[in-house]
Amino acid sequence: MMEWHKRKNVRKGYTTGSCATAAARIAALMILRQQIIEQISLTTSAGITLFLPVEHPLIEGQQATAAICTNGGNDIDATHNMLIYARVSLNDSGVITIDGGEGIGRITRAGLGLHVGTAAMHKTSRQAIESAVRDVIGSARGADVVIFAPEGEKRACKTYNTRLGIDGGISIIGTRDSVNPMSAESWKRALAIELETKRTLGLEQIILAPGNSLTLSSDEERLVEENLSVSADHAVAMSHFVGYMLQECVRLGFRHVVLVGDAGKLAKIAAGIFHTHSHVADCQREVLIANLALLGAPFEMLYAVEQCATTETAIDLIIERGWQSVFELIAKKICQRINEMLRFSHNRPVCDAVLFSLDNHFLGANRPINDILTDFTRLSPSGVTA
């Protein structure tokens with residue numbers, strides 16, 4: 001499936017959910033026909049028909065098994081090129097049951113809209129599987145459907161599942177039948193899922209840090225726990241998607257959001273930049289220079305910062321020359337920009353910013369750090385340690 005995006009030829013794939021649905025449908029068909037089927041057509045919601053090879057088809061009386069190989073297109077992830085199997089067993093109950101077998105994770109905590117202990121299969125995927133099987137077997141028969149993925153447990157080690165409360169395998173939680181090649185969207189959604197999980201646990205306050213891809217770096221976890229004396233369980237990675245994650249915080253009803261991290265990374269927000277990838281905006285030193293100028297720093301100082309090869313070097317120079325108050329100013333501007341962005345919200349959270357150096361030394365905050373931490377811990381729900 002090819003299409004053009006931003007003048008680039010990109011290839012869409014299909015989700016684990018669509019593979020499970022196709023495999024279940026083909027297994028049901030093979031039982032009724034008592035004939036091996038080696039290819040299936042799948043029409044996506046976009047109206048595109050895919051012709052997919054059936055892997056390992058097998059019929060054993062009123063039970064059949066079939067597999068479809070996943071394809072992430074240009075959005076390759078841990079489940080790319082992996083076999084998703086469906087085993088269908090017909091019965092006379094009139095009811096279709098769906099469960100996960102080998103390699104399909106189990107829900108270990110609330111927050112994903114699924115019951116603890118059940119297979120990590122989104123309700124939309126379950127509905128699609130049930131509909132596909134029902135369409136084949138008719139209204140009178142029943143069927144037990146088991147979705148499994150022999151490589152699932154191994155592949156899951158490369159995913160975010162454990163942090164989300166999914167253990168023992170992959171999740172089948174895709175709500176669409178095709179994989180959009182804009183990988184940033186799935187990236188953002190993965191970040192938001194953890195935010196949803198924290199809210200489900202009762203948290204009304206959250207720490208957002210730049211993170212390392214989908215997770216906090218070990219340095220950031222130490223920063224939160226050692227420098228702020230707050231459990232890293234209260235922190236979520238936001239990656240480059242600052243604006244998106246703040247909007248998600250509003251949607252989920254968080255009352256207090258604290259942005260914590262490297263001053264160089266967070267400084268862009270003070271300029272109103274809410275997607276902080278360097279390909280979008282690379283202006284840390286310019287932000288430092290502008291705010292130093294507002295504090296009355298001499299031209300020689302501004303020029304010296306401009307000549308620094310890296311933001312870290314510039315920060316070290318600023319500290320060395322005694323202009324560290326600029327970080328407090330930048331932290332205040334970060335909060336001002338956030339409040340401006342969320343100004344139409346009826347339930348805008350309290351927002352704070354705490355800036356550190358790369359070696360985790362405190363640089364500045366928008367208000368006294370003790371006040372921020374007092375307000376933050378005050379909102380901790382019963383049973384959750386801040």
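Here we summarise the structure given alongside this text. (Residues numbered from 1 in each chain as written. Predicted model: local features only at pLDDT ≥ 70, side-chain atom pairs only at ≥ 80, totals over all residues. Heavy atoms only, no water.)

## Here we look at the overall build of the protein chain
Let me state the cut-off plainly: Elements are defined by DSSP. Helices are runs of H or I of four residues or more, strands are runs of E of two residues or more, and each kind is numbered from the N terminus. The buried label applies to any residue whose accessible area, calculated with a 1.4 Å probe on protein chains only, is under 20% of its type's maximum; exposed applies above 50%, and partly exposed to all values in between. Contacts are assigned to residue pairs that have any heavy atoms within 4.5 Å of one another.
Within the protein chain one finds 13 helices and 18 strands. The burial tally for the protein chain puts 50% of its 386 residues in the buried class. Put simply, of all contacts in the protein chain between residues at least 6 apart along the chain, 67% involve residues at least 24 apart.

## Considering the environment of His277
Residue placement: His277 occurs in the loop between helix H8 (263–266) and helix H9 (284–294). Classification of His277 as partly exposed rests on a relative accessible area of 23%. Along the primary structure His277 and His240 are separated by 37 residues, whereas in three dimensions their C-alpha atoms are 5.4 Å apart.

## Comments concerning the pairing of strand S8 (residues 83–91)
Where we set the bar: Two strands form a pair only when DSSP identifies at least two bridges running between them.
Of all the nine residues making up S8, seven are buried; the element is thus mostly covered by neighbouring parts of the structure. Where strand S7 (residues 63–69) lies against S8, seven bridges are found, and the strand directions are antiparallel. Looking at the pairing, Ile68 lines up with Ile84 of S8. Here S8 runs beside strand S11 (residues 142–148); their pairing, made up of seven bridges, is antiparallel. In the strand pairing of S11, Asn91 is matched with Gly142.

## Remarks on the sheet that holds strand S9 (residues 96–100)
What counts here: In this analysis, axes come from line fits to C-alpha atoms, helices being fitted only over the stretch in contact, and the angle between any two N-to-C directions falls in the range 0 to 180 degrees.
Across the sheet, five strands lie side by side as S6-S7-S8-S11-S9; this open sheet has mixed pairing. Each having just a single partner strand, strand S6 (55–60) and S9 make up the two edges of the open sheet. Direction aside, neighbouring strands of the sheet carry axes that sit 15° apart on average. On the sheet, helix H2 (residues 123–137) packs against S8, S9 and S11 and is oriented at approximately 135° with respect to S9.

## So, the side chain of Asp352
Rules: Counted as a polar contact is a pair of N or O atoms within 3.5 Å, where, for protein atoms, one must be capable of donating a hydrogen and the other of accepting one, and residues adjacent in sequence contribute only when both atoms are in side chains.
The topology assignment puts Asp352 in strand S17 (residues 350–356). Accessibility expressed as a relative area gives 1% for Asp352, which makes it buried. A distance of 2.9 Å separates polar atoms of two side chains, one belonging to Asp352 and the other to Asn366. Dropping the residues within four chain positions of it, Asp352 is found in contact with His256, Val257, Val258, Leu259, Cys335, Asn366, Arg367 and Ile372.

## Section: the pairing of S17
Regular strands show a simple pattern: their side chains alternate between the two faces of the sheet. Taken across its seven residues, S17 has six buried, putting it largely inside the fold. With seven bridges connecting them, strand S16 (residues 256–262) and S17 associate as parallel partners. Within the sheet, the bridge partner assigned to Leu259 lies in S17 and is Ala353. Counting the residues between successive antiparallel strands, the hairpin from S17 to strand S18 (residues 362–365) contains five residues, one of them, Asn360, with a positive phi of roughly 70°.

## Some details on the nonpolar core
For clarity, the threshold we go by: The set of buried Ala, Val, Leu, Ile, Met, Phe, Trp, Tyr and Cys residues whose side-chain atoms join them within 4.5 Å is what this entry labels a nonpolar core.
With 68 residues, the main nonpolar core has Leu208, Leu259 and Ile334 as its most contacted residues. When residues no more than four places from it in sequence are discounted, the contact partners of Leu208 are Leu195, Val236, Met238, Met245, Leu246, Cys249, Val257, Val258, Leu259 and Val260. Cys19, Ala23, Ala24 and Ile26 belong to the second-largest nonpolar core, a separate cluster that totals 39 residues.

## Points about the pattern of salt bridges
Just so we agree on the cut-off: A pairing counts as a salt bridge when a side-chain nitrogen of Lys or Arg comes within 4 Å of a carboxyl oxygen of Asp or Glu.
Under the definition given, this model contains 12 salt bridges. Residue Glu196 pairs with Arg251 through a salt bridge whose shortest N-O separation is 2.7 Å. A residue pair is termed long-range when its members are at least 10 positions apart, and Glu196 in helix H5 (residues 183–200) and Arg251 in helix H7 (residues 242–252) qualify at 55 residues. With a relative accessible area of 48%, Arg251 lands in the partly exposed category. Residue Glu328 pairs with Lys332 through a salt bridge whose shortest N-O separation is 3.2 Å. Linking Glu328 with Lys332, this pair stays in helix H12 (residues 325–341), spanning four residues, or about one helical turn. The exposure class of Glu328 is partly exposed, given its relative accessible area of 38%.

## Some details on H12
Rules: The span one expects for a helix is its residue count, reduced by one, times 1.5 Å.
The end-to-end C-alpha separation of H12 is 25 Å, in line with the 24 Å expected for 17 residues at 1.5 Å each. Inspection of H12 places Val326, Phe327, Ile330, Ala331, Ile334, Cys335 and Ile338 among the buried residues, and these make up the whole buried set.

## Comments concerning the sheet that holds S16
Sheet architecture is open: five strands sit in the order S15-S14-S16-S17-S18, paired in mixed fashion. At either margin of the open sheet sits one strand with a lone partner, and together these are strand S15 (235–237) and S18. Recorded for the sheet is a direction-independent mean angle of 25° between the axes of neighbouring strands. Along the sheet face, helix H13 (residues 369–378) touches strand S14 (205–209), S16, S17 and S18 and points at about 135° away from the line of S16.

## Considering the packing of H9 against helix H10 (residues 299–306)
For clarity, the threshold we go by: In these notes the angle categories are as follows: under 35 degrees is roughly parallel, over 145 is roughly antiparallel, 65 to 115 is roughly perpendicular, and the rest is oblique. Just so you know the grouping, Ala, Val, Leu, Ile, Met, Phe, Trp, Tyr, Cys and Pro go in nonpolar, Asp, Glu, Lys and Arg go in charged, and all remaining residues, Gly too, go in polar.
For the pair H9 and H10, the least separation of the axes is 9 Å and the interaxial angle reads 170°. Classified by the angle between their axes, H9 and H10 sit roughly antiparallel to one another. Taken together, the residues of H10 that come into contact with H9 (itself represented by Arg285, Leu288, Ile289, Leu292 and Ala293) are Met301, Leu302, Val305 and Glu306. Residues of the contact of H9 with H10, tallied by class, amount to seven nonpolar, no polar and two charged.

## Description of the environment of Ala290
Within the secondary structure, Ala290 sits in helix H9. Overall, Ala290 belongs to the partly exposed group, its relative accessible area being 41%. For the pair Ala290 and Ile330, spaced 40 residues apart in the sequence, the C-alpha separation amounts to 10.0 Å.

Just geometry here; none of it tells us what the structure is for.
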